[in-house]
Amino acid sequence: MTSQVATAEVAQPYAQALLSIAQSKNLTEEFGEDARTLLGLLRADKQLHNFFSNPFIQAENKKALIKQILGEGSNPYLRNFLLVLVDKRRIAFLESIFQQYLALLRQLNQTVLAEVISAVPLTEAQQQAIIQKVIAISNARQVELETKVDSELIGGVIIKVGSQVIDASIRGQLRRLSLRLTNS
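What you see is a predicted model, and the numbers here were worked out from it, not measured in a lab.

The rules behind the values
Residues numbered from 1 in each chain as written. Predicted model: local features only at pLDDT ≥ 70, side-chain atom pairs only at ≥ 80, totals over all residues. Heavy atoms only, no water. pLDDT = per-residue confidence, 0-100. Helix = DSSP H or I, 4+ residues; strand = E, 2+ residues; numbered from the N terminus. Pairing = 2+ DSSP bridges. Domains from an automatic or database assignment. Contact = heavy atoms within 4.5 Å. Buried area = accessible area lost by both parts, 1.4 Å probe. Salt bridge = Lys/Arg side-chain N within 4 Å of Asp/Glu carboxyl O. Polar contact = N/O pair within 3.5 Å; in protein donor to acceptor, adjacent residues only side chain to side chain. Nonpolar A, V, L, I, M, F, W, Y, C, P; charged D, E, K, R; others polar. Expected span 1.5 Å × (residues − 1). Buried < 20%, exposed > 50% of the residue type's maximum accessible area, 1.4 Å probe, protein only. Arc of directions from axis to C-beta.

Turning our attention to the confidence of the model for the chain. Interpretation of this model should avoid reading the predicted coordinates in detail wherever pLDDT is low. For the chain, the average pLDDT comes to 89, and 97% of its residues sit at 70 or higher. Mean pLDDT values for the elements of the chain range from 83 in helix α8 (residues 170-183) up to 94 in helix α5 (residues 76-87).

This is the structure we're talking about:
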């Protein structure tokens, strides 16, 4: 069993439990925003990720950091959920749990995730155009964009929706042109 599969198997029940709590308290979107924020923190700060993953750091220290990160005004249900993850020694799976939660939330809201890789940051108008295109392709009610900048694309964008990839980048066009020329 690969570690990714094992991680998903551990994360799934916790993500479903978090969704159940969120639905019972009518907080699904609020938890979604908190999950996106905390995911951003974990991805931006590898030391934070390593701190939670380190089995030699005492649970009380992890709990203190969670309380410090969330602050006093945080949602008590989410805070308690995170503290339970520490007690159950599952806090190392936090990133996977939040990713699974967001996937479940998208499913619930009939929303698709579109990963957009562009050579330069996209304007609001460009993002809206991509959202409309993805809605037309996928028949989803809503689209959640996850944007990344990759200067090696030269120009254009790559859009990934599920298993479908639309490569409208200049690098992709040059690669296809090169293939056609070598096959001729």
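On to the pairing of strand β4 (residues 164-169). Summarising the sheet, strand β3 (residues 156-161) and β4 pair through 6 bridges and their orientation is antiparallel. From the neighbouring strand, Val 161 faces β4, where its bridge partner is Gln 164. Between the antiparallel neighbours β3 and β4 lie 2 residues, among them Gly 162 with a positive phi of about 60 degrees.

This part takes up the domain arrangement of the chain. Domain annotation of the chain identifies domain 1 (1-108) and domain 2 (109-180). Domain 1 and domain 2 are separated by 28 Å when their C-alpha centres are compared. In this assembly, 7 residues from domain 1 lie in contact with 7 residues from domain 2. When the buried surface of domain 1 facing domain 2 is broken down by residue, Arg 36, Arg 106 and Leu 108 rank first, second and third, together holding 74% of it. A salt bridge links Glu 144 to Arg 36, with the shortest nitrogen-to-oxygen separation between them at 3.1 Å. Along the contact surface separating domain 1 from domain 2 lie 9 residue pairs in polar contact (both at pLDDT 80 or more). Breaking the side of domain 1 that touches domain 2 down by element, the ones donating at least two residues are α2 (28-44) and α6 (94-108). Split into classes, the residues belonging to the side of domain 1 that touches domain 2 amount to 2 nonpolar, 1 polar and 4 charged.

Another aspect to go through is helix α7 (residues 124-138). Between its first and last C-alpha, α7 extends 21 Å over 15 residues, near the 21 Å set by a 1.5 Å rise per residue. Inspection of α7 places Ile 130, Ile 131 and Val 134 among the buried residues, and these make up the whole buried set. Relative to the axis of α7, the buried residues are bounded by an arc of 105 degrees and lie together on one face. Opposite the buried face of α7, at more than 90 degrees from it, the exposed residues are Ala 125 and Ala 136. Tucked into the core, α7 has its buried residues touching β1 (111-118), β2 (142-149) and β3.

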